[in-house]
Amino acid sequence: MVFQTIQKVFQKPSYMLIALVTSGAVFAFATWLPNIRLLIGVLGSPDIAFSDKLELPINLIGSIATNFTVLAASYTIAIAILFGMDVAMVVYFLRRRIKDAEQGEIATGFLGLGSGVLGMGCAACGSFLLGTVLSLFGASGILALLPLKGKEFGILGVILLSLSVYLTARQIQNPAVCNINN
Amino acid sequence: MEHDYSEPENMPSHAEVVQRQSNSYMVPLAIVIAGVLIAGAVFFSNSRSSGDLGNAPAQGQQQPPSAQAADISKVNIAGHPFIGNPNAPVTIAYWYDFQCPFCKRTEQTVMPQLINEYVKTDKVKIVYKDFQFLGEDSQTAGLAEHAVWEIAPDKFYQWHSAMYEKQDNENSGWGNRADILALTSSLGIDSTKVGQLMTSKATEYQKAIDADKAEGISMGITGTPGTIIGKQIIEGAQPYSVFKQLIDITLQGK
């Protein structure tokens, strides 16, 4: 039933477009993140041609094949796809003006994205963002204790986003209605 | 969940209405939290001070110099291993650890193309800078590297590549002194002399290794592989197209 609900949502081109655009944005962000300084430096330089400024972000997307382990690339792609689906389904859900529903699953989706982003990183440097965040508190060594050096958060992100998609589909499937008693 | 509001006693209570209103804030709140986390992490990763790598520190690490912007003209290249024409118009500084798997990827997928297209055509010189931080085998390899450069600079790149060919998991097998000297010997380099230098000049070489790492950190290198081309840093094992684009931009500026 949940699968059929998902199918129903994505039969509409507009929601497929929302999902694709959102997934693309998340995926691009993930590949650009390790070189955000390079991107800013090139995009902000007056000495670099506009064509080069357009070309660099495209070139950096190729890093999914070079700068990620198989596991990290897999959950990065999964997170991008799931988040795109999640956003499209939430838009579908909200457009139907179903106000009387639990919104925990929506929050779950964003927490899933947040968890996935924190888990992004490379094998050598561990979890990139999480290490950065933890280092603010002098706790970056915690990552070294984890078996996957922080990539657990990426896996957690996939789980949370999958859960969010499932819950949103359930919610779409079973909208809250006011019974009319005859 | 279905609600039957046909009877007054089934109408939502004030508390329930308040609860639902508070639930409606969960979405924007979750968005704000995620956005602040991500933005904060990006901001602080760009501006954090040197020395914070979250990995095993190098032995005898010196106090790093104060942070400076990435600029190849300010990189210390004197006496460092390099390949290419010494007078090439573009110099690339490349920081690496011999146990880093992503350095191995760069070594095997980017460097051959880069060398063919730019080094052999005298457009680029690549200067090798140590960023040995992944354990004892990394430090040992760094010492051997300096010794090889001293006695057999013409075989440096061959040796450097062979080291990555042999790379296994971090500190888990191949890579101790005996292994490295055996590999060195197999390439026709005097491994006895290399071993002697690794011992007699250990302090000097280690100082140079630590200085390279500190310099990289001061310029914004946060991990390996890290490359400076012009005033830009390439972090991680990026596709060859990224290196090519930055080199071409730098060449155009010459």
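Parameters at a glance
- Residue indices follow the written sequence of each chain, beginning from 1 at its first position.
- A letter from A marks each chain and a number from 1 marks each ligand, given out in the order of writing.
- Thresholds applied to this predicted model are a pLDDT of at least 70 for local features of residues and 80 or more for the giving and counting of side-chain atom pairs; totals over whole chains, interfaces and linings are not thresholded and use all residues.
- Note that water and hydrogens are dropped before the side-chain values are worked out from all heavy atoms of the structure.
- Counting from the N terminus, the helices are the DSSP runs of H or I reaching at least four residues and the strands are the DSSP runs of E reaching at least two.
- Per-residue accessibility, obtained with a 1.4 Å probe over protein chains only, is compared with the maximum for each type, and a residue is labelled buried under 20%, exposed over 50%, and partly exposed between these values.
- Contacts between residues were defined by any pair of non-hydrogen atoms, one from each residue, lying within 4.5 Å.
- Surface accessibility follows the Shrake-Rupley procedure with a 1.4 Å probe radius. Residue values consider only the protein chains on display as shielding.
- Think of pLDDT as the predictor's per-residue confidence, scored from 0 to 100.
- For this analysis, a nonpolar core means a set of buried residues of the types Ala, Val, Leu, Ile, Met, Phe, Trp, Tyr and Cys, connected via side-chain atoms within 4.5 Å.
- What counts as a salt bridge is simple: a side-chain nitrogen of Lys or Arg found within 4 Å of a carboxyl oxygen of Asp or Glu.
- Only rings of Phe, Tyr and Trp enter the pairing, Trp through its six-membered ring, and a pair is recorded when the two centres are within 6.5 Å. The plane angle decides the type: under 30 degrees is stacked, over 60 is edge-to-face, the rest tilted.
- Two conditions define a charge sitting above a ring: the NZ of Lys or the CZ of Arg must be within 6 Å of the ring centre, and it must be within 35 degrees of the ring normal.
- Convention adopted: a line fitted to C-alpha atoms gives each axis, helices being fitted over their contacting stretch, and angles between N-to-C directions are expressed from 0 to 180 degrees.
- Small angles under 35 degrees read as roughly parallel and large ones over 145 as roughly antiparallel, with 65 to 115 read as roughly perpendicular and the rest as oblique.
- Each helix crossing is assigned a hand: it is left-handed if the near helix lies turned anticlockwise from the far helix by less than a right angle, otherwise right-handed if that turn is clockwise.
- Residues are grouped as follows: Ala, Val, Leu, Ile, Met, Phe, Trp, Tyr, Cys and Pro are nonpolar; Asp, Glu, Lys and Arg are charged; every other residue, Gly included, is polar.
- When DSSP finds two or more bridges between two strands, those strands count as paired.

This part is about the overall build of chain A. Summing up its helical and strand segments, chain A has 10 helices and two strands in all. Across chain A, helices and strands are ordered from the amino to the carboxyl terminus as α-α-α-α-α-α-α-β-β-α-α-α. Counting only residues that meet the buried cut, chain A has 52% of its 182 residues in that class. Residue pairs in contact within chain A that sit at least 24 positions apart in sequence constitute 74% of those at least 6 positions apart. When the accessible area of chain A is evaluated, it comes to approximately 8500 Å², of which 70% is carbon and sulfur surface.

Residue and element names in this part refer to chain A. In this model, chain A carries an average pLDDT of 78, and 69% of its residues clear a pLDDT of 70 or more. Summarising per-element confidence for chain A, the mean pLDDT is lowest in strand 1 (residues 121–122) (42) and highest in helix 4 (residues 50–61) (94). Note on residues 121–129: pLDDT is under 50 here. Beyond four places in sequence and across chains, it has 38 contacts.

In this structure, B:Leu114, B:Val124, B:Ile126, B:Trp159 and B:Ile228 are the most contacted members of the largest nonpolar core, which totals 69 residues. In contact with B:Leu114, not counting residues within four places along its chain, are B:Ile92, B:Val119, B:Val124, B:Ile126, B:Tyr240, B:Phe243 and B:Ile247. A:Met89, A:Tyr92, A:Phe93 and A:Leu161 belong to the second-largest nonpolar core, a separate cluster that totals 26 residues.

Moving on, we come to the pattern of salt bridges. Residues and elements named next belong to chain B. Scanning all chains against the criterion turns up seven salt bridges over all chains. Ionic pairing is found between aspartate 71 and lysine 74, a salt bridge with its closest N-O pair at 3.5 Å. Relative accessible area serves as the criterion here: at 10%, aspartate 71 is assigned to the buried category. With relative accessibility at 51%, the residue lysine 74 sits in the exposed group. Linking aspartate 248 and lysine 244 is a salt bridge whose minimum nitrogen-to-oxygen distance equals 3.6 Å. Placement of the pair is aspartate 248 and lysine 244 together in helix 10 (residues 240–252), with a separation of four residues, close to one helical turn. According to the relative accessible area criterion, aspartate 248 is partly exposed, its value standing at 25%. With a relative accessible area of 29%, lysine 244 lands in the partly exposed category.

With that settled, consider the packing of aromatic side chains. Residue and element names in this part refer to chain B. Applying the stated criterion across every chain yields a total of 11 aromatic pairs over all chains. Here tyrosine 128 and phenylalanine 156 contribute two aromatic rings whose centre-to-centre distance is 5.2 Å and whose plane-to-plane angle is 70°, an arrangement assigned as edge-to-face. Of this pair, tyrosine 128 sits in strand 3 (residues 124–130) while phenylalanine 156 sits in helix 6 (residues 156–165), and the two are 28 residues apart along the sequence. The pair formed by tyrosine 128 and phenylalanine 156 is uniform in burial state, with each residue classed as buried. Here lysine 125 stacks its cationic end above the ring of phenylalanine 82, 5.5 Å away from the centre of that ring. The lysine or arginine in question, lysine 213, covers the ring of phenylalanine 131, its NZ or CZ lying 5.9 Å from the ring centre.

Now for the packing of helix 3 (residues 101–109) of chain B against helix 6 of chain B. All names here are of chain B. The N-to-C vectors of helix 3 and helix 6 enclose an angle of 130°; their axes lie 9 Å apart at closest approach. When the interaxial angle is binned, helix 3 and helix 6 end up oblique. For the element pair helix 3 and helix 6, the recorded crossing hand is left-handed. Across the interface between the two elements, Cys103, Lys104, Glu107 and Gln108 of helix 3 pack against Tyr157, His160, Ser161, Tyr164 and Glu165 of helix 6. Each residue belonging to the contact of helix 3 with helix 6 can be placed in one class, and the counts come to three nonpolar, three polar and three charged.

A word on the environment of B:Ala88. Of note, B:Ala88 is situated in the loop between strand 1 (82–83) and strand 2 (90–96). Ignoring sequence-local partners within four residues, the contact set of B:Ala88 consists of B:Asp122, B:Lys123, B:Val124 and B:Lys125.

Residue and element names in this part refer to chain B. Residue alternation in strand 5 (residues 232–235) divides its side chains into two sets, Gln232 and Ile234 and Ile233 and Glu235, and both sets are buried. Note: strand 4 (residues 226–229) against strand 5, four bridges, orientation antiparallel. What sits directly across from threonine 227, in strand 5, is isoleucine 234.

For the rest of this paragraph, the subject is the packing of helix 1 (residues 2–10) of chain A against helix 10 (residues 152–173) of chain A. Residues and elements named next belong to chain A. Orientation of helix 1 relative to helix 10, taken along the N-to-C sense of each, is 80°, at an axis distance of 9 Å. Judged by the inter-axis angle, helix 1 sits roughly perpendicular to helix 10. Where helix 1 approaches helix 10, its residues Val2, Thr5, Ile6 and Val9 are matched on the opposing element by Val165, Tyr166, Ala169, Arg170, Ile172 and Gln173.

Let us look at the sheet that holds strand 3 of chain B. All names here are of chain B. Read across the open sheet, the five strands follow the order 1-3-2-4-5; overall the sheet is mixed. At either margin of the open sheet sits one strand with a lone partner, and together these are strand 1 and strand 5. Where helix 5 (residues 136–151) meets the sheet, its contacts fall on strand 1, strand 2 and strand 3, and the angle it forms with strand 3 comes to roughly 135°. Together, strand 1, strand 2 and strand 3 form the strand contacts of helix 6, whose direction differs from that of strand 2 by roughly 35°.

The next point concerns unusual backbone geometry. Residues and elements named next belong to chain B. Across the junction of threonine 224 and proline 225, the peptide omega takes the value -10°, indicating a cis bond. For aspartate 122, which is not glycine, the phi dihedral falls at a positive 65°. Turning to its location among the elements, aspartate 122 is positioned in the loop between helix 4 (111–119) and strand 3.

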